[in-house]
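Inside the fold
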Amino acid sequence: MRKALILGLALVFVMGMTTMVAANNHLDGPWYVDTSVYTGLGLEVNAEILQLGDEDLAEIEQHGYNHAFIGQGYEFTLGDYGDSFQNEAFVKQDGQLNEAVVGQRGELNFADINQVGNDNYAGVGQDGDLMTANINQDANDSFVRASQFGGEGSEVLVDQFGHLNRVRTRQDGDDHFAQVYQAEGSDWNYANIEQSGVDQNAFIKQAGMDNGAYINQQGSWNFAKVDQDGNYNEAIIDQDAYDLSGLITQKGNGNTGQITQTGGLAD
Amino acid sequence: MGRYKNLAIIVLVLMVAIFMTGNILFAGPPEHAGSPDDSGNGSGGQGPDGDGPPGLVDEIPPGIVGPGGGPGFEFPGESELPGRLNPFIPGDPGEDDPGNGKPGKGDPGDDYHWDYDFEPIAFIYQVGDDNYGRIDQHGAGNWAGIKQLGDHNDSSIDQYGDDNFAGVIQFGHGNDSSIKQDGYRNFAGIGQFGYDNNADIEQIGNYNKALITQNGNNNQASIEQNGNGLDLDISFNW
């Protein structure tokens, strides 16, 4: 009987390790989680920081086969609603199959994801004003998605330096800014920027093989730019209304550029 | 006493279990928490309310309403996570073609912070082979420009509306160009300096002008105007 209980205890322990929750914070205050103690055990480690408050700081650092999630200001806990003000979320991952997701709601929130390894994924969802998503990947098979909604003055910055990288961003509101940079021997990149609102900017810069870029802007006073240096590149800018601008610069082979504009501001 | 000992062990086990899986009890959608390691093969095609990213959030965040009152932004579905990567991206080049495997040129990123020094209303600048450029414009006050240096270039500009201006300049081989304009105060110019060039301008409207300059071999030019205040200029030099 006692042996069975001990065995069960060990089993519960191992099962707990595979879905480890490193932090679960409903209160204000900084949290730092480092799951590198589990590196080498061959386990999937799941770290989460949930915060509902203002001026919180969340940091997750992982080495291995990891998942990370930081939620600030959402309804992450049952029955809790509310925005979050001036929070910062940092995720740093180095390993295989790293996945990081940051969700923020409120004003002046900042998300930073730094991934080095293979098969990384970085996702940022933000709802509010003056939000920033900064994603940096030095990896293979990476994928980035950043979505910003509901406010003014949000920006997305992405760096990628690996293979088969892709970026998809979406911004809805005014005064947005998006920037994607993919280079350093990277193949098969793709970048996507969609913006709707007033006074937005978008940049995509690519170097390498088989790149593609897509910018779609809907609204007024938008500005878009694509710069490609490589082979088999393709760039498409699709713009909607007043005083729009577009620029496609391509250097390489097999390039295609396409700008479609409608609307415009009369003299 | 032995009874209480067994009870204490059971309570201990339960406490450890609760501790190790605390998120199940305290955070997140209970039906999804604790299952981040689902080895989905990406065939699900889940929508915004499908499977979520690891650990949490498989749904639209509360209070977020997308444009048109529809759902807000999509959180990444589990089918889009790496390892089972099959993201849906409009205009995506697709996964059939993994590239040709050649190393990229790389970029030190020293000009990562880009200049904001010029704001064109549609401009395409291409240096290379097999280039193709196209600009569509529908509106007022538009202008467009395409500059191509390379081989097998092709360019096309369509404009409808007011105050349009379009210009194409091509240096290279086998170039082809076409400008069509429709509205008010249009002007168009094509300059070709290379081989096997071809140029075409078609204008319908008021105050139109057209200019074609060709300096190369086997050039052809065509300007067709239908409107008021027309002007025409074609020059060859070969």
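Conventions we followed
Residues numbered from 1 in each chain as written. Chains lettered and ligands numbered in written order. Predicted model: local features only at pLDDT ≥ 70, side-chain atom pairs only at ≥ 80, totals over all residues. Helix = DSSP H or I, 4+ residues; strand = E, 2+ residues; numbered from the N terminus. Buried ≥ 20, exposed ≤ 12 C-beta atoms within 10 Å, placed from the backbone. Contact = placed C-beta atoms within 7 Å. Core = buried A, V, L, I, M, F, W, Y, C linked by C-beta atoms within 7 Å. Pairing = 2+ DSSP bridges. pLDDT = per-residue confidence, 0-100.

Of the regular secondary structure elements, chain B holds two helices and 11 strands. In sequence order, the secondary structure elements of chain B are arranged as α-α-β-β-β-β-β-β-β-β-β-β-β. Counting every position in chain B, which comprises 238 residues, the buried fraction comes to 34%. In chain B, of all internal contacts separated by at least 6 residues, the share reaching a separation of at least 24 is 14%.

What chain A contains, in helices and strands, is one helix and 19 strands. Looking at chain A residue by residue over its 267 residues, the buried ones come to 63%. A separation of at least 24 residues holds for 29% of the contacts in chain A among residues at least 6 apart in sequence.

Turning to the nonpolar core, a few remarks are in order. Residues and elements named next belong to chain A. If you look at the biggest cluster of nonpolar residues, it comprises 76 residues, and the most contacted ones within it are I70, V91, V102, V180 and I215. With seven residues, the top contributor of residues to this core is strand 5 (residues 88–107). Leave out the neighbours within four places in its chain, and V180 touches V158, V167, A191, I193, F203, I204 and K205.

With that out of the way, let us pick up the pairing of strand 5 (residues 165–173) of chain B. Residue and element names in this part refer to chain B. The alternating pattern of strand 5 places A166, V168, Q170 and G172 on a buried face, while none of F165, G167, I169, F171 and H173, on the opposite face, is buried. Across nine bridges, the pairing between strand 3 (residues 143–151) and strand 5 is parallel. Residue pairing for strand 5: G150 is matched across the bridge by G172.

Our focus in this paragraph is the pairing of strand 15 (residues 212–220) of chain A. Residue and element names in this part refer to chain A. With seven of nine residues buried, strand 15 lies mostly within the body of the structure. Direction of pairing for strand 15 relative to strand 17 (residues 234–239): parallel, over a ladder of six bridges. In the sheet register, I215 faces strand 17, and the bridge partner there is I237.

When pLDDT is averaged along chain A, the result is 77, and 80% of the positions lie at 70 or above. The model gives residues 76–80 of chain A a pLDDT under 50, and that stretch makes 13 contacts with residues more than four places away or in other chains.

With respect to the helices, strands and loops of the structure, B:D129 is situated in strand 1 (residues 123–129). Exposure remark for B:D129: the 16 C-beta atoms within 10 Å place this residue in the partly exposed category. Remark: the alpha-carbon pair of B:D129 and B:Q148, spanning 19 residues in sequence, is separated by 9.6 Å. The residues contacting B:D129, other than those within four sequence positions of it, are A:N253, A:G254, B:G150, B:D151 and B:H152.

Residues and elements named next belong to chain A. The phi torsion at L130 lies on the positive side, around 55°, for a residue other than glycine. Tracing the sequence through the fold places L130 in the loop between strand 7 (121–127) and strand 8 (132–140). Here L130 falls in the partly exposed class, since 17 other C-beta atoms lie within 10 Å of it.

Here B:G128 lies in strand 1. Residues B:G128 and B:G172 lie 44 residues apart in sequence; the distance between their C-alpha atoms is 9.4 Å. Apart from residues lying up to four places away in sequence, B:G128 is in contact with A:Q250, A:K251, A:G252, A:N253, A:N255 and B:G150.

A word on the environment of A:F203. Its place among the elements puts A:F203 in strand 14 (residues 201–209). C-alpha separation for the pair A:F203 and A:F177, spaced 26 residues apart in sequence, amounts to 8.4 Å.

All names here are of chain B. For chain B, mean pLDDT is 63; residues scoring 70 or higher make up 55% of the total. Predicted confidence for residues 22–118 stays below pLDDT 50, and this span has 193 contacts to residues more than four positions away or in other chains. Across the predicted assembly, pTM comes out at 0.68 and ipTM at 0.72.

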